[in-house]
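Structural description and commentary
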Amino acid sequence: MTDDLAASQAEIEKLSEELARLEEENALLEEALGRNGKLFEALLSGSNQGITLTGPDRRIVRVVKGLTDFNAVSLAGESIELLAIPDDRESLVEAYRQLLAGRRRKIGIVVRVMRADGEVVRHAAILTDMLDDPCVQGIVWNYSVAL
């Protein structure tokens, strides 16, 4: 019984050391992600292009950089087509149908969007199916104001 207890204690010590090592690695990764996130935000801040991530159900997962002046956090969970004017919603939904059916990996569309101030602006967008990428798992919108 004593040998079993000693073996269990040795295993607990090993696991505690491994946990400490993993916590240290996690802290380093979090630090790197914070630095990279700030760099990414700085690079985008001067850009006139937007990036949004949606799920296959067209719900906004994250607005990385928006062009509508709506609060990015408040848009999470909303259907992206609700930002488009009613006449343009069906073409947006059709673009998702084509992506999800696997007919295309990328689709370009022009959609008129209502900004927070009520102005309607045309956006040219490229929608990219990245659902199979474990780092993304969504439909990525890259868009800019169309002239």
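To keep things clear, this report deals only with the structure shown in the data block.

Basis of the calculations
Residues numbered from 1 in each chain as written. Predicted model: local features only at pLDDT ≥ 70, side-chain atom pairs only at ≥ 80, totals over all residues. Heavy atoms only, no water. Helix = DSSP H or I, 4+ residues; strand = E, 2+ residues; numbered from the N terminus. Buried < 20%, exposed > 50% of the residue type's maximum accessible area, 1.4 Å probe, protein only. Contact = heavy atoms within 4.5 Å. Salt bridge = Lys/Arg side-chain N within 4 Å of Asp/Glu carboxyl O.

Of the regular secondary structure elements, the chain holds three helices and five strands. Counted from the first residue to the last, the chain has its helices and strands arranged as α-β-β-α-α-β-β-β. By residue count, 30% of the 147 residues in the chain fall in the buried class. Relative to all contacts within the chain whose residues are 6 or more apart in sequence, the contacts with residues 24 or more apart total 40%.

Okay, unusual backbone geometry next. The backbone of Arg 58 sits at a positive phi, close to 75°, despite the residue not being glycine. Here Arg 58 lies in the loop between β1 (49-54) and β2 (60-65). Its identity as a non-glycine residue notwithstanding, Gln 137 has a phi of 55°, on the positive side. Within the element layout of this structure, Gln 137 appears in the loop between β4 (120-130) and β5 (138-145). Gln 137 gets classed as exposed once you look at its relative accessible area, which sits at 54%.

Moving on, we get to the pattern of salt bridges. Under the definition given, this model contains eight salt bridges. A salt bridge links Arg 21 to Glu 18; the shortest N-O distance between them is 2.5 Å. Of this pair, Arg 21 and Glu 18 both sit in helix α1 (residues 2-45), three residues apart, which is roughly one turn of that helix. For Arg 21, a relative accessible area of 38% corresponds to the partly exposed category. Between Arg 115 and Glu 119 there is a salt bridge, with the nearest N and O atoms lying 3.7 Å from each other. Each of the salt bridges in this network shares a partner with another, and the network as a whole consists of Glu 90, Glu 94 and Arg 97.

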